[in-house]
Amino acid sequence: MFRVEIYGRVRRAVRVEGRSQRAVAREFGVSRETVRKMLAYAVPPGYQRQQPIKRPKLGPWIGMIDAILDDDKQRPVKQRHTAKRIFDRLKDEHGFTGGYTIVKDYVRGEQVRSREMFVPLTHAPGEAQADFGEALVVIAGVQQKAHYLVMDLPHSDDCFVAAFPAETTEAFLEGHVRAFAYFGGVPTRILYDNTKIAVAKILGGEDRQRTRSFSELQSYYLFADKFGRPAKGNDKGKVEGIVGYSRRNFMVPIPHASSWEELNAYLEEQCRKRRERRLRGHTETIGERYERDRAAMLPLPAAPYEACEKIAARVSSLSLVRYRTIDYSVPTQYGHRQVWVKGYVHEVVIACASEVIARHKRSYEREAVVFDPLHYLALLEQKTRALDQAAPLAGWQLPECFAQLRRLLEARLKKHGSREYVQVLRLLETFDLSELTLAIEDALRLGTISFDAVRHLRLCRIERRPPRLDMQNYPHLPLAQVRTTQAADYMSLLEAVEA
């Protein structure tokens, strides 16, 4: 192919200098056909194929290759045919005699031609997109995977990020509540993928059967929804980009926090700082464009939505309620009864009728059992022989004075001492551990070893009065004989002094 400067010299010789094409062709050593081509094009036009490529060896097999590639579109990406696998199949199953290169070149060309193209979109103010991402974090010294919800406002590119221990219904709900509070309003419409948290069933086209929890959230905040096509993440490309941006910029290096609340406070602060940025192609900052989003949003309700999953359950004979493979204890008097479980991100609340009967810190350890020792003390008061083997009390860290009190009670009252010790423990249903500890220490110091004495001493501390024990409850202690003082007694003392 001739260089551009040759094109220029030939064209000038003919068009400007007025020389004949024959003479110019002779001078530059090219054919007259080449001179005519140079006059037609200012620069070399490059090679242009005039006829389709002929593939005599591959031609009979092209239909089969196309069928394999079409079928692969319905298969997982990691289980689709490579060019090498297609070549091996043609060779082994159909006796193909051609080489690998012609198969590879054809497959590569078809894959390029079949790649999807996209239309640039505009986004109205007030609309949002939401999705989950994953990243490693360190919470209270433990490295674990965080599932963070990202809500993006495509018009302004403002975003909100909140991290949770798991991608659950309650995390999805709380993430929305936090995002709406951060934005100061509710987006008019939110675009999602087909997460099972929001979509119970895909009915075809754009029709979806929504889950109860998502429907309640939508009814409370009154936003419209839209769902992308299955397996088409590009339908919500804006939030997909923010998911990656958050991971690269907010979570590199791996963030360390003492709690999830501290981590979320850090992420929210990063989102606020991002509002100061001016993105490529815009003359306004994210924060300035966000004001148009804010003006188009729906108002927030008077109170935030209660972000929890609600399920019905039944208390087992072991006084346990199962929620998401985890067993949580309730007071034994509610055994075998129907209860209502509210699962929050960091707490599980159990209610019977309208009464809250138990609160536990949420556990994410699969098939774990979460006990509150206080729930079993009423039953242990009746079944004291199970005191040493009671699983709810295993690992219960109590001050040393509790064990000392138990030893003295059992030494004095034998088998009844265990029951009286459990009665002392039951005072924790009313008083704090620190308060009861002081009462027990007072009882040990005064030598009044009993449930009544501990309770009396605790009440005296509350009422700020000196203890007055009924000694009839302590027959093992000697009684002090105190006689009422008479006026004559003072006269005898005076006489003794004068003498």
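Anything mentioned here points back to the structure above.
Structural notes, computed from the coordinates. Computed from a predicted structure; not experimentally measured. (Residues numbered from 1 in each chain as written. Predicted model: local features only at pLDDT ≥ 70, side-chain atom pairs only at ≥ 80, totals over all residues. Heavy atoms only, no water.)

A word on helix α9 (residues 237-250). Helical geometry note: an α-helix holds 3.6 residues per turn, so side chains three or four residues apart project in the same direction. Between its first and last C-alpha, α9 extends 19 Å over 14 residues, near the 20 Å set by a 1.5 Å rise per residue. Residues Val239, Ile242, Val243, Gly244, Tyr245, Ser246 and Phe250 constitute the buried set of α9. On its buried face, α9 sits against β1 (127-139), β2 (142-153), β3 (158-164) and α10 (260-274). (Helix = DSSP H or I, 4+ residues; strand = E, 2+ residues; numbered from the N terminus. Expected span 1.5 Å × (residues − 1). Buried < 20%, exposed > 50% of the residue type's maximum accessible area, 1.4 Å probe, protein only. Contact = heavy atoms within 4.5 Å.)

An order of β10-β11-β15 is seen for the 3 strands of this open sheet, with the pairing classed as mixed. Edge strands, defined here as strands with exactly one partner in the open sheet, are β10 (320-323) and β15 (369-370). Where β10 and strand β11 (residues 326-329) come together, 4 bridges link them in antiparallel fashion. Following the sheet pairing, tyrosine 323 is matched in β11 by isoleucine 326. (Pairing = 2+ DSSP bridges.)

Next up on the list: the pattern of salt bridges. This model, assessed by the stated rule, comprises 36 salt bridges. Close ionic contact of arginine 189 with glutamate 127 constitutes a salt bridge, the shortest N to O distance being 3.4 Å. Of the two residues, arginine 189 is situated in strand β4 (residues 189-192) and glutamate 127 in strand β1; the sequence distance between them amounts to 62 residues. For glutamate 127, a relative accessible area of 22% corresponds to the partly exposed category. What emerges from the salt-bridge pattern is a single network uniting Glu170, Glu309, Arg324 and Arg362. (Salt bridge = Lys/Arg side-chain N within 4 Å of Asp/Glu carboxyl O.)

Following the sequence through the fold, threonine 168 ends up in the loop between β3 and α7 (169-183). The buried category is assigned to threonine 168, whose relative accessible area is 8%. Here the side chain of threonine 168 touches glutamate 170 through a polar contact of 3.3 Å, side chain to side chain. Threonine 168 has contacts with Ile197, Arg324 and Arg362, leaving out every residue within four places of it along the chain. (Polar contact = N/O pair within 3.5 Å; in protein donor to acceptor, adjacent residues only side chain to side chain.)

Inspection of the secondary structure puts aspartate 442 in helix α15 (residues 433-446). Given the relative accessible area of 9%, aspartate 442 is considered buried. The spacing of aspartate 442 and serine 259 is 183 residues in sequence and 37 Å in space, taken between C-alpha atoms. Once residues lying within four places of it in the same chain are set aside, the contact partners of aspartate 442 are Leu457 and Arg461.

Going through the model one piece at a time under the given rule, you end up with 17 aromatic pairs. Taken together, a centroid distance of 5.2 Å and an interplanar angle of 35° make the contact between phenylalanine 160 and tyrosine 182 tilted. Here phenylalanine 160 is found in strand β3, whereas its partner tyrosine 182 is found in helix α7, with 22 residues between them in sequence. Its relative accessible area of 5% is what places tyrosine 182 among the buried residues. The interplanar angle of 65° and the centroid separation of 5.4 Å between the aromatic rings of tyrosine 182 and phenylalanine 183 together place this pair among those described as edge-to-face. Of the two residues examined, tyrosine 182 and phenylalanine 183, each falls in the buried class. Counting every residue linked through ring pairs, the aromatic cluster contains Phe172, Phe180, Tyr192, Phe214, Tyr220, Tyr221, Phe223, Phe227 and Tyr305. Lying over the aromatic face of tyrosine 245, arginine 274 brings its terminal NZ or CZ to 5.0 Å of the ring centre. Directly above the aromatic system of tyrosine 290 lies the positively charged group of arginine 275, at a separation of 4.2 Å from the ring centroid. (Phe/Tyr/Trp six-rings, centres within 6.5 Å; stacked < 30°, edge-to-face > 60°. Lys NZ or Arg CZ within 6 Å of the ring centre and 35° of its normal.)

Take the nonpolar core next. In summary, soluble globular proteins display a tendency toward joint burial of nonpolar side chains. One finds Phe172, Phe183 and Phe223 to be the most contacted residues of the largest nonpolar core, which totals 53 residues. Of all the secondary-structure elements, those providing two or more residues to this core are β1, β2, β3, α7, β4, α8 (212-221), α9 and α10. Element by element, the count of residues in this core is highest for α7, at 8 residues. In this view, phenylalanine 172 contacts Phe132, Leu149, Tyr192, Ile197, Ala198, Phe214 and Leu217; residues no more than four positions away in its chain are not counted. Counting residues in each nonpolar core, the second largest holds 24 residues, with Leu387, Ala390, Val454 and Leu457 among its members. (Core = buried A, V, L, I, M, F, W, Y, C linked by side-chain atoms within 4.5 Å.)

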